[in-house]
Structure formats: structure tokens, C-alpha cells
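Descriptive structure summary
So you can see what is in the structure, the chains are spelled out below.
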Amino acid sequence: MAAELHVELVAADRNVWSGEATLVVARTASGDIGVMPGHQPLLGVLESGPVTIRTSDGGTVVAAVHGGFISFADNKLSLLAEIVELSDEIDVQRAERALERAKSDADASAERRADVRLRAVATR
């Protein structure tokens, strides 16, 4: 079994992150999933939620992912999402304001996006 897997995190408008990892945790339509080297092949739908990547050098990459697909085969993991924001790109104050605005507007989808951003920042 290989000690690492190759990960591609891609948004509709850009390649967000690419590299070697030992573990990736993401939220799918079936629940949270952890993918390690040698995992069974999979294809699934990504739900909005934080994605955590444990890099081969011991670091951690956390991103807020809003919908998309996850695919794993031959020790290559692809996360293809509509929107991806790395946790260090997220403006916490702006996300907090967006969350409050979404709550007052009763906009469940905007509230979910803001909540995912704040959870991604909290995990970094």
C-alpha cells in the first residue's frame, strides 16, 4: 500500500491545491468520508463543508467547499467543486456579517455557505 495519495482540489474557476497527502476528509451526500492511500475506488457528490487535507510533509490544508464531486482511483483523489475557498483566504469578519445577514433574511443557502466558511477557518 502506498504511503501517500495525489490530491487535486479544483474549483470551477481555478486549480486551488495540488499535492501529496496522507489523509483527506470531506463531506459527501452519504456523510463524512476519510480517504487514505489504498482506499477503495469511489465516486460521490460533495456537500458543502470543510475539506481537510493532511499533507505528506505533516501540514494541513483546510478549505470551504460548496458542492461538487469527489473521485478516487489509483491513489489519485480529485475534488471538483463549484466554489472552493482556502481557509487562509477567508475574511472572518465578512463571513460573520454574511451569516448574520443570511439569518435575518431567512436565506438558508447563504447561511450554510457562511457557516461552512467559518467552520473551515476554525479548523485551520
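Coordinates for the structure precede this section.
This part takes up the pairing of strand 2 (residues 14-28). Of the strand pairs in this sheet, strand 1 (residues 5-11) and strand 2 are connected by 7 bridges, and their pairing is antiparallel. Within strand 2, the residue paired with leucine 5 across the bridge is alanine 21. A loop of 2 residues connects strand 1 with strand 2, the two strands running antiparallel in sequence. With 4 bridges joining them, strand 2 and strand 5 (residues 49-55) adopt antiparallel strand pairing.

A few words on the pattern of salt bridges. Overall, the coordinates contain 4 salt bridges when judged by the stated rule. A salt bridge links arginine 14 to glutamate 89; the shortest N-O distance between them is 2.8 Å. Taken together, the residues span a long stretch of sequence, with arginine 14 in strand 2 and glutamate 89 in the loop between strand 7 (76-86) and helix 1 (92-105) at a distance of 75 residues.

Okay, a nonpolar patch on the surface next. Among the surface-exposed residues, Val45, Phe69 and Leu80 lie close enough to one another that they form a single nonpolar patch of about 270 Å² accessible area. Topologically, leucine 80 is positioned in strand 7. For leucine 80, a relative accessible area of 43% translates into the label partly exposed.

What follows deals with the pairing of strand 5. Where a strand is regular, its side chains alternate between the two sheet faces. Among the 7 residues that make up strand 5, 6 are buried, leaving the element largely enclosed by the rest of the structure. Where strand 5 lies against strand 6 (residues 60-73), 6 bridges are found, and the strand directions are antiparallel. Across the sheet, residue threonine 52 finds its bridge partner in strand 6, namely valine 62. The hairpin turn running from strand 5 into strand 6, its antiparallel successor, is 4 residues long, and glycine 58 in that turn takes a positive phi close to 95°.

Thresholds, definitions, all that
Residues numbered from 1 in each chain as written. Predicted model: local features only at pLDDT ≥ 70, side-chain atom pairs only at ≥ 80, totals over all residues. Heavy atoms only, no water. Pairing = 2+ DSSP bridges. Helix = DSSP H or I, 4+ residues; strand = E, 2+ residues; numbered from the N terminus. Salt bridge = Lys/Arg side-chain N within 4 Å of Asp/Glu carboxyl O. Patch = residues over 30% accessible without salt bridge, like charges linked within 9 Å, V, L, I, M, F, W, Y side chains within 5 Å. Areas by Shrake-Rupley, 256 points an atom, 1.4 Å probe, with all protein chains shown as cover. Buried < 20%, exposed > 50% of the residue type's maximum accessible area, 1.4 Å probe, protein only.

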